[in-house]
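Reading the structure
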Amino acid sequence: MHLTDASIGATHVLLSGPRAAVEIRCPGPGALRVRHAPSSAVAGFTHPELPEKRSFAVVADGALPLDARRDGDTLHVRAEGASLEVSLASGTWTFRDGQGRTLARCEAVSGEVRHVFPVSEFHTRLSLAAPPDEAYLGFGEKVGPLDKRGLRFTFWNTDAFPPHVETDPLYASIPFFVALRGGVAWGLFLDEPWRSEVDIALSDPTRLEWASRGPELDVYLLAGPHPADVVRRYAALTGRPAMPPLWSLGAHQSRWGYESEDDVRSVVRGYRSRGLPLDVIHLDIDYMDAYKAWTWDRSRFPDPARLARELAAEGVKLVTIVDPGIKADPGYPVYEEARARDFLVRLDRGGTLVGEVWPDPAVFPDFTREEVQRWWGDLQKPFVDAGIAGIWNDMNEPACFSIRPDRGVPAPDGQRSTGVGTVEGSTLPYDARHGTRRHLEVHNVYGLGMSRAAFEGLARHAPARRPFVLTRAAFAGVQRYAAVWTGDFMSHFTHLEASIPMLLGLGLSGVPFVGADIPGFVGRANGELLVRWMQAGLFYPLMRNHAARGRPAHEPWRFGEPFLGLARAALERRYRLLPTLYTLMHEAAETGLPVMRPLSFAAPADREAIGAFDQLLFGEDLLVAPVVRPSQSKRLVYLPAGAWMDFANLERAGKVEEGGRHVIADAPLGVVPVWLRAGGAVAFTAPRTHTTSASWEEIVWHVHAAPAVRGRLYEDAGDGHGASRLSVLSGGLEGATFHLERRAKGELPLARAAETIRIYGLPTPRSVTGARSHRVVEGVVDIEVAADWERIELKTS
């Protein structure tokens, strides 16, 4: 890619040559946008200027000043926290952080255009140096270990049924990664919805190569130095998630096969009669009339509003599945309106594309258009009025089982194009028309548009509530609108194990509200798998039990004892954990940081921590190592540097281990291995059968004493947009004195009179000030304080 000219402005640089163009901007501190158009003169109409571009993912619209100067065939660009050095002769570049450390080096950029009928084909490629000691994390919903080096992925949202542990592509495409070398992190986001592929030092161990079917490679480079810094910058670029309602963090129960409202009532009775916590029931496609979106089969669900009221009295919310395929049924109002207003995806020939999903025949709304999104979101109003609490978007890759044949368009040579064109997977043809765009370009953002439609529609029609949307298909930026689940996992231990690095990858890619179906969607789970998956799933932000039609049901009591009792214990732990989970979701809404974090967040220079793919950090303070293989009562666990207290099942204070090494954890079937970091402080509450308010009536702080201690607790009503309170704990051990201070901000009144502070790792104190009472039980100091406490101090000698 040869460049000859440089136009330097205050906030952007445009480089161009006879064929190519590159634009450089700074959207925020530590971030540079490098928009490569290697075939600009052939692919577009405005060369050397690049046309305006609409991003589906990027919401940051800032443009910080650039300091650029040309030195012969080299252009030097500096911005706040980052710099770029560009070779005009080749179009390659070197990216450095604000300290001058080299983070990334582009070794080649190329592009070509093939003028074929009926739509020209683009092929663009970017090659980066891949140093041998660099790890590559993220990439959204992808299989494999945490470090994706040595793998190859395709970004093309696909209805994979059933997926396997090596299946690629899957349902979501997020072309973003965090690179980590020598403890220093940086990130790259490819803002291209087009179909793309990435080869992560597989074909050539020295290179990472990205290939897109679009005419450009719009790259955002993000400096660290910590992995969390990269994720924060990415979240500032693509948006942070909204705070979810508390009930959505409780237990969800779903099944494809709840065929009537009596089935739903029976499931809720099954939970309540057995003392099992439950907050949400999901209705799969069984509730619809002939699979027509926004309808009810009144013979099986005669009064949805009454059902919603009955469940609400039990503390249970209703969430309904919605698929994008509209039944092409004359007289069906949704179809008639979509057709009359030209809201549907079209064939290349211009007629409406007709396919088959659950409805047959089916047509597809064009969710790339804002007017279609608003229309679809408004169709939710009768559901909202009936008491439906949330929307579950499925089959929105979009999945399409078959397409009605088309003869194709006559070509200039007298031949015809090949019918409906190229179809990759069970979806729409490459050349299907979405307004002025082709499906090959916008396929990956179809689910994003549908999620936005659902989120904004719920916000319009229930403004006093927080929207809850769950989606299968996704692209970068989906975190603004929806939670994501990993699709149709199988009921197998290999899929339980695969869920952890996949969910960590989604969290690293800006999507914190994630989960996998428990104990898998397809197959035959046994009681051991149910219990082990629930033990892992109690740390998923989204905890949902689900099952497929034609397979055994997965409600916990189906497995008998002892599995039912162990499942109940896992659910109760989840509800005890809610104050900490809710606080972490608030942190995600403020910063974009995930709830489930890789161990590299605690030790970014530690190769063992980087490679620990079946463990996770829950926030900063809890390290979780679920058992993910059958018939095991022990497992190997890596603890990063520092002191970690055995805190199995979130309740048993055990031995303190020094990190930087592996340990063997005892894990009989009823135990999930957990450790509490020295200096960590986490807040728990009493278990309930369902959530009510996030202004907790009972709080117990669990504190692992260390020279520096910190903790947070966020509280509000659990829904809506009212008053809140953030309590921040700080303090630590200095000599023979341990102290904690609490600072609170916000107008939310306290819902409790007292709190308990449980301190581990201290000798018996000889005096305690600032407390109502204290006692020492088996080496643990239990302190009762007033809920509005400000400081406690313990003297240990």
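To start, this report covers the structure provided alongside it. Quantities reported herein were computed from a predicted structural model and do not represent experimental measurements.

We now examine the pattern of salt bridges. Within this structure, the stated rule accounts for 72 salt bridges. Here Glu-197 ties to Arg-152 by a salt bridge, and the two come within 2.5 Å at their closest N and O atoms. In this pair, Glu-197 is assigned in strand β16 (residues 196-200) and Arg-152 in strand β12 (residues 151-155), connecting sequence segments 45 residues apart. A residue is classified by how much of its surface remains accessible, and Glu-197, at 19% relative accessible area, is buried. One salt bridge in this structure joins Asp-385 and Lys-381, with 2.8 Å as the shortest N-O distance. With Asp-385 and Lys-381 both in helix α7 (residues 381-385) and four residues apart, this pair spans about one turn of that helix.

Taken together, the side chains of Tyr-291, Trp-358 and Phe-401 present a nonpolar region at the surface, about 260 Å² in accessible area. Tracing the backbone shows Trp-358 in the loop between β23 (355-356) and β24 (362-363). Accessibility expressed as a relative area gives 30% for Trp-358, which makes it partly exposed.

In this section: the nonpolar core. Within the largest apolar cluster, 259 residues are counted, with the highest numbers of intra-cluster contacts made by Trp-93, Trp-376 and Ile-759. Of the residues forming this core, the biggest block, eleven residues, is contributed by helix α12 (residues 563-591). Those residues in contact with Trp-93, other than ones at most four positions away along the chain, are Val-34, His-36, Leu-84, Glu-85, Val-86, Ala-104, Arg-105, Cys-106, Leu-126, Leu-128 and Leu-221. With six residues, the next largest nonpolar core counts Val-113, Phe-122, Trp-194 and Leu-440 among its residues.

This paragraph deals with the packing of aromatic side chains. With the rule as written, the count across this model stands at 34 aromatic pairs. Considering the side-chain rings of Phe-189 and Tyr-234, the 5.5 Å spacing of their centres and the 80° angle between planes classify their relative orientation as edge-to-face. Of the two residues, Phe-189 is situated in strand β15 (residues 184-190) and Tyr-234 in helix α2 (residues 227-238); the sequence distance between them amounts to 45 residues. In textbook terms, an aromatic cluster arises when at least three aromatic residues are bridged by ring pairs, as seen for Tyr-287, Trp-294, Trp-296, Phe-301, Phe-343, Phe-367, Trp-375, Trp-376, Phe-383 and Tyr-446. Against the face of Phe-155 rests Lys-142, its NZ or CZ located 4.6 Å from the ring centre.

In strand β6 (residues 74-79), alternate side chains face the same way, and those of Leu-75, Val-77 and Ala-79 are buried while those of Thr-74, His-76 and Arg-78 on the opposite face are not. As defined by bridge partners, strand β5 (residues 67-71) adjoins β6 across five bridges and the pair is classed as antiparallel. Its bridge partner lying in β6, Arg-70 is registered against Leu-75. With antiparallel pairing between neighbouring strands as the criterion, β5 and β6 make up a hairpin whose turn holds two residues, including Gly-72 at a positive phi of roughly 65°.

Conventions we followed
- In this convention, every chain numbers its residues from 1, walking through the sequence in written order.
- Only residues with pLDDT of at least 70 are given local features in this predicted model, and only at 80 or more are side-chain atom pairs given and counted; all residues enter the totals for whole chains, interfaces and linings.
- Only hydrogens and water are set aside when side-chain values are computed; all heavy atoms of the structure are taken into account.
- Just to be clear on terms, a salt bridge is a Lys or Arg side-chain nitrogen sitting within 4 Å of an Asp or Glu carboxyl oxygen.
- A helix here means a DSSP run of H or I that spans at least four residues, while a strand means a run of E at least two residues long, and both kinds are numbered starting from the N terminus.
- Burial here depends on accessible area, computed with a 1.4 Å probe over protein chains only, as a share of the maximum for the residue type. Under 20% is buried, over 50% is exposed, and the range in between is partly exposed.
- To count toward a patch, a residue needs a relative accessible area above 30% and no salt bridge. Like charges then connect within 9 Å, nonpolar side chains (Val, Leu, Ile, Met, Phe, Trp, Tyr) within 5 Å.
- With residues, only the protein chains shown are counted as cover, and all accessible areas are computed by Shrake-Rupley using a 1.4 Å probe.
- Take the buried residues of types Ala, Val, Leu, Ile, Met, Phe, Trp, Tyr and Cys, join any two whose side-chain atoms come within 4.5 Å, and each joined set is a nonpolar core.
- Note on contacts: a residue pair is in contact if any heavy atoms of the two residues lie within 4.5 Å.
- Put simply, two rings from Phe, Tyr or Trp (the six-membered ring, in Trp's case) pair if the centres are within 6.5 Å, and we call them stacked under 30 degrees between planes, edge-to-face over 60, tilted for the rest.
- Ring-over charges, as used throughout, are those where CZ of Arg or NZ of Lys falls within 6 Å of the ring centre and within 35 degrees of the ring normal.
- At least two bridges found by DSSP between two strands are what make those strands a pair.

Treat this as a map of the structure, not an account of what it does.
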